[in-house]
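# Coordinates in review
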Amino acid sequence: MSPFRTHLKLAHQFWESLILPGDLAVDATCGNGHDTLFLAKLPIAKLYALDLQAAAIAATRQRLVEGLSASQLAKVQLIHGSHTHFPEEIHNVKLIVYNLGYLPGGDKSLTTRTETTLASLQLALERLKTGGAISLTCYPGHDEGAREEEALLAFVRSLDKKLWSCSYHQWINRKQAPSLLFLQKLYP
Ligand SMILES: C[S@@+](CC[C@H](N)C(=O)[O-])C[C@H]1O[C@@H](n2cnc3c(N)ncnc32)[C@H](O)[C@@H]1O
């Protein structure tokens with residue numbers, strides 16, 4: 001099977017190619033912890049994982065305890081709260097990831113929202129180091145997801161090309177396929 005067959009696989013390959021030993025990373029929507037687990041196995045110095053739902057934090061904690069060594073686990077800090085606020089120590093970050101939408105198997109009404117995702121993205125841009133990147137996985141297959149993707153695309157298209165390198169990926173022969181946005185900070 002092609003290594004680029006799923007959007008998550010493609011995102012993971014991008015993250016893996018970006019992270020260098022000692023980097024700081026953030027999972028802004030940890031959910032059930034699949035992406036947090038992947039990130040925690042990369043040679044990061046510190047990983048922050050946030051989610052609005054207590055159930056998501058608990059599920060992520062469980063997955064990490066089962067899947068990580070003690071030293072890998074010690075590098076992860078779980079934060080029960082909204083990604084519209086990042087603690088002060090989250091700065092000079094190499095990678096911030098968002099897997100938008102709702103928690104699989106959870107309450108679909110607790111999906112990410114266009115306004116809060118945009119507010120968080122603006123904050124995330126300020127917290128990156130040069131060469132750092134933001135990865136957003138969008139799900140335009142449901143109403144709020146479609147609105148969210150459209151708003152994100154409009155915002156990202158407005159970013160200065162001298163400061164930001166921005167790309168968009170979607171499998172165009174699949175209906176309402178998930179999409180990926182990658183933003184890399186070029187300067188200063
Ligand atoms: C698609 S799920 C994430 C799946 C996750 N990446 C995984 O590997 O299981 C999206 C998550 O975003 C969370 N979320 C929604 N709004 C949020 C916010 N404002 N701040 C932080 N998390 C939020 C939801 O609670 C949900 O768990």
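Residues numbered from 1 in each chain as written. Predicted model: local features only at pLDDT ≥ 70, side-chain atom pairs only at ≥ 80, totals over all residues. Heavy atoms only, no water.

## A closer look at the overall build of the protein chain
Put simply, the rule is: Helix and strand assignments follow DSSP, with helices taken as H or I runs no shorter than four residues and strands as E runs no shorter than two, numbered in order from the N terminus. Atoms considered for the radius of gyration are the C-alpha atoms alone. The globule rule reads 2.2 Å times the number of residues to the power 0.38.
Per the secondary structure count, the protein chain includes six helices and seven strands. The order of α-helices and β-strands along the protein chain, N terminus first, is α-β-α-β-α-α-β-β-α-β-α-β-β. Taking 188 residues into account, the globule formula puts the C-alpha radius of gyration at 16 Å, and the protein chain, at 16 Å, falls close to it. Principal axes of the C-alpha set define a box for the protein chain whose edges measure 40 × 40 × 40 Å.

## Quick notes on the side chain of T117
Rule in force here: Burial classes: relative accessible area under 20% of the type maximum marks a residue as buried, over 50% as exposed, and values in between as partly exposed (1.4 Å probe, protein chains only). Pairs of N or O atoms are called polar contacts if they sit within 3.5 Å, as long as, within protein, a hydrogen donor faces a hydrogen acceptor (for residues adjacent in sequence, only side-chain-to-side-chain pairs). Whether two residues are in contact is decided by their heavy atoms, any of which lying within 4.5 Å being enough.
For T117, the location among the structural elements is in helix α5 (residues 114-127). On the basis of relative accessible area, T117 is assigned to the buried category, the value being 0%. A distance of 2.7 Å separates the side chain of T117 from the side chain of E148, its partner in a polar contact. Not counting residues up to four positions away in its chain, the partners in contact with T117 are H83, L100, T112, E148 and L152.

## Overview of the sheet that holds strand β4 (residues 93-99)
Paired through backbone hydrogen bonds, the strands of a sheet run either parallel or antiparallel to each other. How we decide: At least two DSSP bridges between two strands are needed for those strands to be called paired. Here, axes are lines fitted to C-alpha atoms. For helices the fit covers the stretch in contact, and angles between N-to-C directions go from 0 to 180 degrees.
An order of β3-β2-β1-β4-β5-β7-β6 is seen for the seven strands of this open sheet, with the pairing classed as mixed. Single-partner strands in this sheet number two, and they are β3 (76-80) and β6 (164-170). Going across the sheet, the axis of each strand differs from the next one's by a mean of 15°, ignoring polarity. Taken together, the six bridges between β4 and strand β5 (residues 128-138) define a ladder with parallel strand orientation. Considered in β5, the bridge of Y98 is made with L136. Set on the sheet, α5 makes contact with β4, β5, β6 and β7 (179-185); between it and β5 the angle comes to about 155°.

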